[in-house]
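Letter by letter, the chains look like this.
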Amino acid sequence: MTKMTDLQTPFMPNWCPGCGNMPLWLAFKNAAVKQGWDNTNTAVVAGIGCHGHLVNFTKLTAFEGLHGRALPAATGIKIANNSLNVFVFTGDGDCFGEGGNHFIHACRRNHNLTVILHDNGLYALTTGQSSPITPHDAKTKSTPFGNPDEPFNPLVMAIASGATFVARAYASNMAQLTELMIKANQHNGFSFIDVLQPCETFNKQFTHPFFQENTYYLEESYDPTNREIALTRAREFDLKKIPLGIFYEEKKPAYEDQLGYLNGEILYKHGTQKRDMSSLFAKYI
Ligand SMILES: Cc1ncc(C[n+]2csc(CCOP(=O)(O)OP(=O)(O)O)c2C)c(N)n1
């Protein structure tokens, strides 16, 4: 059983007032308490950015590496110990800018990871430059005359690249986000939640009122098993009517299930054969 106090560290969040990281973090901790995630069974990996501070405020086994490189670190952790729940907390800059290449391949390989995108539509920690998710024409610190780039659609990227659980949420709908995080974690394979969140300080477009007015949940009758329909619904992001919910779900073996040499064992416990390498080294040294 995990208690809220078990997840506490000596550090208090230093996010700006109103930051969407706060409800996202609380939703995650609520999920951890419900599911019994603790530092013996769960690892969290974060990218670099305001979102990455989450690992300092959450007492779970954690790793924060280089900007954009959360996914390769998480992939290594999961392959080494397939019994762990592995969560990746990443920003829209971290995931699709610096880490874009890692994202498409982690989706393609269907690694059994739960990836949570803190989607505030810009680079927050470095004070508000455009990211690959910033809408076309948006004025940011690095695009004062309007963004000339076209943005990626995170859900379309995930579905097209091979992710097998793809969802969108709004950070302040905490109860729904908690349930979604639990479902995403229970999914066997690459699960991705695009969490829309405001950056009150630098993003004057994506505010709390904006998300409250312009988001709605996919219909109860929506069938997430059809990839073509999922792609069509994912493209519905027209800033006036943004659907939330589970867009796509596919049952398929995860990468880690297919490592035949492990015979179902955990890699770090797998018997290591000691080999004498001295004659090989002697050839080169
Ligand atoms: C390789 C590299 N490039 C750039 C930076 C500078 N940098 C640090 S955080 C950051 C922006 C992070 O934005 P995002 O991933 O969207 O996270 P947020 O701060 O919005 O949570 C950048 C560009 C860096 N640390 N490393």
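Source: prediction; values computed, not measured. (Residues numbered from 1 in each chain as written. Predicted model: local features only at pLDDT ≥ 70, side-chain atom pairs only at ≥ 80, totals over all residues. Heavy atoms only, no water.)

Caption draft 1: Main features of the packing of aromatic side chains. Across all of its chains, the model carries 17 aromatic pairs by this definition. When the ring of F103 is compared with that of F190, the centres are 5.9 Å apart and the planes differ by 80°; the resulting orientation is edge-to-face. Linking F103 in helix α4 (residues 100-109) with F190 in the loop between α6 (174-186) and β8 (191-196), this pair joins segments that are 87 residues apart in sequence. Each member of the pair, F103 as well as F190, is classed as buried. On the basis of an interplanar angle of 45° and a centroid distance of 5.2 Å, the ring pair of F206 and F210 is categorised as tilted. Both residues of the pair, F206 and F210, belong to the buried class. Feature note: the residues F96, F103, F152, F190 and F192 constitute an aromatic cluster, connected by ring pairs. (Phe/Tyr/Trp six-rings, centres within 6.5 Å; stacked < 30°, edge-to-face > 60°. Helix = DSSP H or I, 4+ residues; strand = E, 2+ residues; numbered from the N terminus. Buried < 20%, exposed > 50% of the residue type's maximum accessible area, 1.4 Å probe, protein only.)

Caption draft 2: Here's a closer look at the site of the ligand. Neighbouring the ligand are 16 residues; C50, H51, G93, D94 and Y123 lie closest to it. Backbone polar atom of D92 to an oxygen atom of the ligand: 3.5 Å apart, as the coordinates give it. Separating an oxygen atom of the ligand from a side-chain N or O atom of N120 is a distance of 3.0 Å. It is helix α3 (residues 92-98) that provides the largest number of residues to the shell around the ligand, a total of four residues. Grouping the amino acids of the shell around the ligand by side-chain chemistry returns six nonpolar, seven polar and three charged. (Near = heavy atom within 4 Å. Polar contact = N/O pair within 3.5 Å; in protein donor to acceptor, adjacent residues only side chain to side chain. Nonpolar A, V, L, I, M, F, W, Y, C, P; charged D, E, K, R; others polar.)

Caption draft 3: The sheet that holds strand β10 (residues 242-249), seen in detail. In space, the eight strands of this open sheet follow the order β2-β1-β3-β4-β8-β7-β10-β9, with mixed pairing throughout. The open sheet is flanked by β2 (61-64) and β9 (215-217), the only strands paired with a single partner. If you compare each strand with its neighbour and ignore which way they point, the axes differ by 20° on average. Judged from the six bridges that link them, strand β4 (residues 114-119) and β8 form a sheet pairing that is parallel. Bridging from a neighbouring strand, T114 pairs with S191 of β8. (Pairing = 2+ DSSP bridges. Axes fitted to C-alpha atoms, helices over the stretch in contact; angles between N-to-C directions.)

Caption draft 4: Representation of unusual backbone geometry. At T127, a residue that is not glycine, the phi angle is positive and equals roughly 80°. Mapped onto the secondary structure, T127 falls in the loop between β5 (122-123) and β6 (129-130). Phi is positive for D137, which is not a glycine, with a value near 80°. Inspection of the secondary structure puts D137 in the loop between β6 and α5 (154-161). When its relative accessible area of 52% is taken as the criterion, D137 is described as exposed.

Caption draft 5: Representation of the environment of E150. For E150, the location among the structural elements is in the loop between β6 and α5. The spatial distance from the C-alpha of E150 to the C-alpha of H136 is 5.1 Å, given a sequence separation of 14 residues.

Caption draft 6: Looking closely at the packing of α4 against α5. Where α4 contacts α5, the axes come no closer than 8 Å and their chain directions differ by 45°. What the angle tells us is that α4 and α5 run oblique. Side by side, α4 and α5 meet where F103, I104, C107 and R108 of the first sit next to M157, A158 and S161 of the second. Looking at the contact of α4 with α5 residue by residue, the classes come out as five nonpolar, one polar and one charged. (Parallel < 35°, antiparallel > 145°, perpendicular 65-115°, else oblique. Contact = heavy atoms within 4.5 Å.)

Caption draft 7: Looking closely at the nonpolar core. In terms of nonpolar packing, the biggest core is built from 33 residues, with L71, F96, F103, V166, F190 and F192 touching the most fellow members. The element contributing the most residues to this core is α5, with five residues. Sequence-distant contacts of V166, defined by excluding residues within four places in its chain, comprise L155, A158, I159, F192, G245, I246, F247 and Y248. C19, W25, F28 and L54 belong to the second largest nonpolar core, which has 31 residues in total. (Core = buried A, V, L, I, M, F, W, Y, C linked by side-chain atoms within 4.5 Å.)

Caption draft 8: Expanded view of α6. Between its terminal C-alpha atoms α6 stretches 18 Å, which fits the 18 Å expected from 13 residues at 1.5 Å a residue. Along α6, the residues that are buried comprise L177, T178, L180, M181, I182, A184 and N185. The inward-facing, buried residues of α6 contact α1 (21-35), β3 (85-91), β4, β7 (165-170), β8 and β10. (Expected span 1.5 Å × (residues − 1).)

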